[in-house]
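Read off the chains here:
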Amino acid sequence: MKQVLCIILLCIGVNSFAQKKILDHKDFDIWNTIKNQAISVDGKYIMYSLEKGEKDNYLKIKEANASLVFEHERSENGRFTYDSNHTLFTIKAWKDSITEMTRRKVKKEDMPHDTLGIFDFKTKSLTKIPNVKSYKIPTKWSGVVAYYLTEIKKEKSKDTSETKTKSTKKKPKKVSSKNGFHLVVRDLASGKEDTLKYVTDFSFAKEGKRLVYTTTGKDTKSNSSVNVMNIENGNSATVFEANNKSKYYRLQLSDSGKNLGFVVDSDTTKALVRPNKLYHWSEGQSKASMIVDAASAPKGYRVSSDGTVSFSQDDSKMYFGLATPPIVQDTTLLKDEIVNVEVWTYDEPRLYTVQELQVKNDQKKSYQTVVHLNNKKLVQLATTEYPNARLTDKGNASVALVSNQEPYLLESQWTGRRNSDYAIVDVTTGTSNKVLTNISSSMSLSPKGNYVFGYHAPDSTWVAYNIATNNRVDLTKGKVFYNELNDSPNYPGSYGTAGWTEDDESVLIYDRYDIWKFNPNNGTSTRLTKGREQKVTYRYVRLDPDEDFIDTSRKWLLTTFNENNKHSGYYEFNAKNGKGKQLLSGPYSYSRPSKARLSDAVIFSRQSFEEFPNIRISDLNFKKDKVISNANPQQSEYNWGTAEIVKWTSLDGMELEGMLIKPEDFNPNKKYPMIVNFYEKSSNGVFRHKAPSAGRSTINYSFYASRGYLIFNPDVYYRDGYPGESAYNCVIPGITSLVEKGFVDKDNIGTQGHSWGGYQIAYLVTKTDIFKAAESGAPVVNMISAFGGIRWDSGLSRQFQYEHTQSRIGGTPWEYPQRYVENSPIYNMDKVNTPLLIMHNDKDGHVPWYQGIEYFTALRRLGKPSWLLNYNGARHWPLKMQNRKDFNIRMQQFFDYYLQGAPKPVWMERGVPALEKGINQGLELLPNKN
């Protein structure tokens, strides 16, 4: 009887799997992604948008018990007010309707405009305000919203809760954007509105109830102005006026709203060097006063219109930017008289290609300067000698940290490191003191400005420099606080820090597993967590975004990650007594929680290969949680997959791990085709969800598992100078160990990877015939030619990559010529017997696309089955949806043909001739000859 029952249950199980759908490309369009999730300040409401198939967003708001409060189609960018009484969001037109209107060549001005939605939690009512260009609400107070109307003139309906466009056959009048837009300030409780005309810029104070805005007149006879509105009484005061051609920059209120700074250019001439002026207004003044102009600026500098204006939190200081005089063109020259030649110089700090990409940044470069508001004293912090400045203590500190990279920029071409010299500047007097030289990592100030602190990579040491005593302490010298698994010919990086405790008393530094407390004066340390023994990593969670220091008088929330079983979770640590307890842990990847500002409610997610990361809510003890979202209930209808860790030994004798993805209906007695996909090390992500999507560069795991494939992702560890051989020694024995288990079809194994993964695949197919088909995306096949290339997205030389970072050669071609040859697949193309699909795009700014051409033409010369996909205008990956979909279809057809015996597509049989590009894609399948 038991046997019969087992057989019945087995049949039911098999039948249930058989009834499940198989993922196809069209299913990408029905899968939702959660966007812009947020919790209200009081913790009562959770808001998020579901984006379906990268098209329209569907806004949802729920209570903490997961009951639906409000939802709205085609809505996004939702924001809660600080008092949690309202939420505001943008309502868009349907994307398909925009596509069709574009197809009909509808004019831009006749396209639909956005609508502002305002939902009131008390009355459960929705207000819609059409034709809104953009909106802002205050950060730390509530009650109002300010929004720009689009150029269409609005007419108010009798219903004051909603503004509508007047219905008329005549075309609506327009307000020229050159003269600004109409700004509406709306009281959220009463619905009362105040319209401010011809506004060009506006912003709220972070904490004080003030709004600042600039206006321009409707004609040349009118003046422009800077105005401050007191939101509490609705009164506006004009604090500055100038001619209508004036331009205003960097309009900024202090957090309290008691101070205002801005830059103005009121000169009506066409002078190439603009005479900018810095102005300041403070509460109680009727008009703003000029602080700095061309005459009073330090010699060789002028007021910058690009430098940020800000205030110290205590309102004692205003920061702004100075700039050097611009380099201007001789305007009397004709275009045909200008010589356009690039002069590359061997010893200039920055390579010319870098300079060219940074021209706009160089033109906008500013040097941070402070004005003491009590006496209007100006102190320049950053200069051409030390161009970069960093503040601390929210601008209240008496010192600033300045730095200069220029002496070390030339060598960064091949080292890949941006070393700097550092000095301390007294914010009151302007005196400076050089404190650190030739430091390889970015240094910062402690929260109270008592220490300069950072990681010095050549010594693998965290450094603290006491500003008062001029004493440097190498905190972790001789200790292992650097990357223990570093396998590049470079200095190992650090694991980072949690932050500082109150009054700079101590700094919390991470090692591989634990959190350590260090005394910055003498380097004495205490280990706070006990993770190393169990190989559990603890990391601090910053729950308050405004946190200045880590409070040792309260309990901390930590994340945990177990290296052995890959489980993650949350941990409570009592900083007072050093004790703690695990709150939550399991076979999932948990997100970093987001806490409500004024309650202990937190939202978070957990995910696994099988479980989508839906939003959950709990409190800080995590004893109970509630699932809030249900983004993709349709997943249960599809044959999915499972993920597990597999282990094997490399040819070098190293114990290795990797991920194995199996179809949901996996039968160990069957043999499955397998695709090997890898980059470097991915096994720690075994519990990450892989939602179906048209990826830009890699196979989609859930998609291929659903279609009957195994996916193997092996970790790779590298030996300096031999990256290709290292990949072989790790990957191939991993494959054979799976073949030995009996469920892998050894005659139908493929491989796929992109960029660094693409290189390794290009190398492997010159050394083994284990793969029946391979896709290699954006690969380097000739390390010698690639060494001398440019990463065009950044302008950087590629040399550092081979000498010190990912490519791991460990030197130059003239130092190690044989290493370059041995690791370059191009020299062994005659040994390739695996059909290749190559994807390399002509605007790739990471890997020179001529590498793909070298690869393809060599294979073509040898008559090897190969295809090259080049998505015109695409960069390192195809980003446009139509191109990503096309790439995923072609890759699936390629692997299905070779690994599953599916029919051959037309494009593989005869290509897509240039005459047919963009017309006939060749995706049709030919009759199967088998």
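Calculation rules
For every chain, the first residue of the written sequence is number 1, and numbering continues from 1 onward in sequence order. Given that the model is predicted, a residue must reach a pLDDT of at least 70 before its local features are reported, and side-chain atom pairs must reach 80 or more before they are shown or counted; all residues, however, enter totals for whole chains, interfaces and linings. Only hydrogens and water are set aside when side-chain values are computed; all heavy atoms of the structure are taken into account. A run of DSSP states H or I qualifies as a helix once it reaches four residues; a run of E qualifies as a strand once it reaches two. Both are numbered from the N-terminal end. Just to be clear, the radius of gyration here is over C-alpha atoms, and the globule rule we use is 2.2 Å times residues to the power 0.38. Here's how the labels work: a residue is buried when its accessible area is under 20% of the maximum for its type, exposed when over 50%, partly exposed in between, all with a 1.4 Å probe on protein chains only. What makes two residues a contact is simply this: any of their non-hydrogen atoms within 4.5 Å. Positive charge is attributed to Lys and Arg, negative charge to Asp and Glu, and no charge count is given to His or to the chain ends. By convention, charge coordinates are those of NZ in Lys, CZ in Arg, CG in Asp, or CD in Glu. Between rings of Phe, Tyr and Trp, where Trp is taken as its six-membered ring, a pair exists when centres lie within 6.5 Å; planes separated by under 30 degrees are stacked, by over 60 edge-to-face, and by other angles tilted. Sitting over a ring, as applied to charges here, requires NZ of Lys or CZ of Arg to be within 6 Å of the ring centre and within 35 degrees of the ring normal. For every element, the axis is a line fit to its C-alpha atoms; helices are fit only across the contacting stretch, and the angle between N-to-C directions ranges from 0 to 180 degrees. Note that the term roughly parallel is reserved for angles under 35 degrees, roughly antiparallel for angles over 145, roughly perpendicular for angles of 65 to 115, and oblique for everything else. Classification used: nonpolar for Ala, Val, Leu, Ile, Met, Phe, Trp, Tyr, Cys and Pro, charged for Asp, Glu, Lys and Arg, polar for all others including Gly. Using protein atoms alone on a 1 Å grid, points that fit a 1.4 Å probe yet trap it form a cavity, whereas open point sets bounded by protein on both sides within 12 Å along at least five of seven lines form a pocket; residues with an atom within 4 Å of a point count as lining. Grid points are joined across faces, edges and corners, and a volume is the space filled by probe spheres set on the points. In this text, buried Ala, Val, Leu, Ile, Met, Phe, Trp, Tyr and Cys residues form a nonpolar core when linked through side-chain atoms within 4.5 Å. For a helix, the expected span equals 1.5 Å multiplied by the residue count minus one. A residue counts toward a patch only above 30% relative accessible area and without a salt bridge, and it is joined to like-charged neighbours within 9 Å or, for Val, Leu, Ile, Met, Phe, Trp and Tyr, to nonpolar neighbours within 5 Å. Each accessible area is a Shrake-Rupley result for a 1.4 Å probe, and residues are judged covered by the shown protein chains and nothing else. Salt bridges are counted wherever a side-chain nitrogen of Lys or Arg sits within 4 Å of a carboxyl oxygen of Asp or Glu. Two strands are counted as paired when DSSP detects at least two bridges linking them. Here a polar contact means two N or O atoms within 3.5 Å. Within protein one must be a hydrogen donor candidate and the other an acceptor candidate, and residues neighboring in sequence count only if both atoms are side-chain atoms.

Chemist: Which parts of the structure should I look at to understand the overall build of the chain?
Modeler: From N to C terminus, the chain includes 14 helices and 57 strands. Here the chain has a C-alpha radius of gyration of 31 Å; the compact-globule value for 930 residues is 30 Å, and the two agree. Each of the three principal axes of the chain carries a C-alpha extent, and together these read 90 × 75 × 70 Å. Each of the 930 residues in the chain was classed as buried or not, and the buried ones make up 51%. Counting only contacts in the chain whose residues sit at least 6 apart along the sequence, the fraction spanning at least 24 positions is 55%. The centroid of the 126 positive side-chain charges in the chain is displaced by 5 Å from the centroid of its 104 negative side-chain charges.

Chemist: Could you clarify how one ought to interpret the packing of aromatic side chains in this entry?
Modeler: The geometry of two aromatic rings is summed up by the distance between their centres and the angle between their planes. All told, the structure shown has 50 aromatic pairs when counted by the stated rule. Geometrically, the ring pair formed by Tyr-148 and Phe-202 is edge-to-face, given 5.0 Å between the ring centres and 90° between the ring planes. Taken as a pair, Tyr-148 in strand S10 (residues 144-149) and Phe-202 in strand S14 (residues 193-204) lie far apart in primary sequence, 54 residues in all. Both residues of the pair, Tyr-148 and Phe-202, belong to the buried class. Judged by centre distance (5.4 Å) and plane angle (65°), the ring pair of Phe-894 and Phe-895 falls under edge-to-face. Residue classification places Phe-894 among the buried residues on the basis of a relative accessible area of 0%. Three or more aromatic residues joined by ring pairs make a cluster, and in this case those are Tyr-45, Phe-70, Phe-80, Phe-89, Phe-119 and Phe-121. Positioned above the aromatic ring of Tyr-510 is the side chain of Arg-539, whose terminal nitrogen or guanidinium carbon lies 4.1 Å from the ring centre. When the ring centre of Trp-877 is taken as reference, the NZ or CZ atom of Arg-696 above it lies at 3.6 Å.

Chemist: Quick question: what am I supposed to make of the environment of Leu-357 here?
Modeler: Residue position: Leu-357 is located in helix H3 (residues 352-357). With 436 residues separating them along the chain, Leu-357 and Asp-793 place their C-alpha atoms 8.3 Å apart.

Chemist: Even after reading the chapter, I still don't get the packing of helix H7 (residues 723-739) against helix H8 (residues 756-764), so can you show me in this structure?
Modeler: When two helices pack together, their arrangement is given by the angle between the helix axes and by the axis-to-axis distance. Look at H7 against H8: their axes get within 9 Å of each other, and the N-to-C directions meet at 80°. The angle between the axes of H7 and H8 places the two elements in the roughly perpendicular class. Across the interface between the two elements, Pro-723, Gly-724, Glu-725, Ala-727, Tyr-728 and Val-731 from H7 touch Trp-756, Tyr-759, Gln-760, Tyr-763 and Leu-764 from H8. Looking at the contact of H7 with H8 residue by residue, the class counts come to 8 nonpolar, 2 polar and 1 charged.

Chemist: Got a minute to help me understand H8 in this structure?
Modeler: Here H8 lies mainly inside the structure; 9 of its 9 residues are buried. Among the residues of H8, those classed as buried are Trp-756, Gly-757, Gly-758, Tyr-759, Gln-760, Ile-761, Ala-762, Tyr-763 and Leu-764.

Chemist: Help me out: how do you make sense of the layout of surface pockets in this one?
Modeler: Quantified by volume, the largest pocket comes out at close to 1400 Å³. The wall of the largest pocket is formed by 49 residues, among which Arg-350, Gln-358, Asn-361, Asp-362 and Lys-365 lie closest to the centre. Elements with a contribution of two residues or more to the lining of the largest pocket: H3, helix H4 (359-363), helix H5 (412-415) and strand S55 (796-797). Top contributing element to the lining of the largest pocket by residue count: H4, with 4 residues. Taken as a whole, the second largest pocket holds about 760 Å³ of empty space. Every element with two or more residues in the lining of the second largest pocket is listed here: strand S39 (536-540) and strand S49 (655-663). Among the elements that line the lining of the second largest pocket, the one with the most residues is S49, at 3 residues.

Chemist: What should I look at first to understand the nonpolar core in this one?
Modeler: Note that soluble globular proteins tend to have their nonpolar side chains buried in a common cluster. Within the largest apolar cluster, 48 residues are counted, with the highest numbers of intra-cluster contacts made by Met-674, Val-676, Phe-712, Ile-735 and Tyr-855. Excluding anything up to four places from it in sequence, Phe-712 contacts Val-646, Trp-648, Met-659, Leu-660, Met-674, Ile-675, Val-676, Asn-677, Val-731, Gly-734, Ile-735 and Leu-738. Within the second largest apolar cluster, 35 residues are counted, among which are Trp-31, Trp-640, Met-659 and Leu-869.

Chemist: Can you walk me through helix H13 (residues 881-899) in this structure?
Modeler: Along an α-helix, a turn takes 3.6 residues, which lines up residues three or four apart on a common side. If you check H13, its first and last C-alpha atoms are 27 Å apart, about what 19 residues at 1.5 Å a residue would give, namely 27 Å. Taken across its 19 residues, H13 has 14 buried, putting it largely inside the fold. Once H13 finishes, Gly-901 follows within two positions and takes phi at roughly 70°, a positive value.

Chemist: Just checking my understanding: could you explain a nonpolar patch on the surface for this structure?
Modeler: Together, Leu-272, Val-273 and Val-328 make up an exposed nonpolar region whose accessible area comes to about 250 Å². With respect to the helices and strands, the residue Val-273 is situated in the loop between strand S19 (259-265) and strand S20 (277-282). Its relative accessible area of 41% is what places Val-273 among the partly exposed residues.

Chemist: Explain unusual backbone geometry here, please?
Modeler: The bulk of non-glycine residues show a negative phi, and the bulk of peptide bonds are trans. A positive phi angle is found at Lys-105, which is not glycine, with a value near 60°. You can see Lys-105 is positioned in the loop between helix H2 (95-103) and strand S7 (115-120). Classification of Lys-105 as exposed rests on a relative accessible area of 71%.

Chemist: Is there a simple way to explain the sheet that holds S19 in this structure?
Modeler: Strand-to-strand pairing in sheets goes through backbone hydrogen bonds, with the strands running parallel or antiparallel. The 4 strands lie next to each other as S18-S19-S20-S21, forming an open sheet whose pairing is antiparallel. Bordering the open sheet on either side are strand S18 (247-253) and strand S21 (289-292), each of which pairs with just one other strand. Here the strands of the sheet are splayed against their neighbours by 30° on average, with no regard to which way each runs. Bridge count between S19 and S20: 6 bridges; the pairing is antiparallel. Bridged to Val-263 within S20 is Leu-278.

Chemist: I would appreciate a short explanation of the pattern of salt bridges in the present structure.
Modeler: Any two side chains of opposite charge can pair if their charged atoms end up close together. Inspection of the entire model under this criterion finds 49 salt bridges. Asp-548 serves as the salt-bridge partner of Lys-394, at 3.5 Å between the closest nitrogen and oxygen. On the criterion of sequence distance, the pair formed by Lys-394 in the loop between strand S27 (388-390) and strand S28 (399-404) and Asp-548 in the loop between S39 and strand S40 (555-562) is long-range, its members being 154 residues apart. On the accessibility criterion, Lys-394 (37% relative accessible area) is partly exposed. Asp-548 sits in the partly exposed class, given a relative accessible area of 42%.

Chemist: Looking at this structure, how should I read the side chain of Ser-84?
Modeler: For Ser-84, the position within the fold is in the loop between strand S5 (75-80) and strand S6 (86-91). For Ser-84, a relative accessible area of 4% gives the class buried. At 3.4 Å, the side chain of Ser-84 forms a polar contact with the backbone nitrogen of Val-41. Only 3.2 Å separates the side chain of Ser-84 from the backbone nitrogen of Asp-42, close enough to count as a polar contact. When sequence neighbours within four positions are dropped, the list of residues in contact with Ser-84 reads Ser-40, Val-41, Asp-42, Tyr-45 and Phe-121.

Chemist: Hey, could you run me through the sheet that holds S6 in this one?
Modeler: On the basis of which strands lie adjacent, the open sheet formed by 4 strands has the order S5-S6-S7-S8 and antiparallel pairing. Every other strand in the sheet has two partners, leaving S5 and strand S8 (125-129) as the edge strands with one partner each. On average, each strand axis in the sheet is tilted by 20° relative to the strand beside it, whichever way the strands run. Strand direction decides the pairing type here: S5 and S6, joined by 4 bridges, are antiparallel. Residue pairing across strands places Arg-79 opposite Leu-88, the latter belonging to S6.

It is worth stressing that arrangement in space is one thing and function is another; only the former is reported here.
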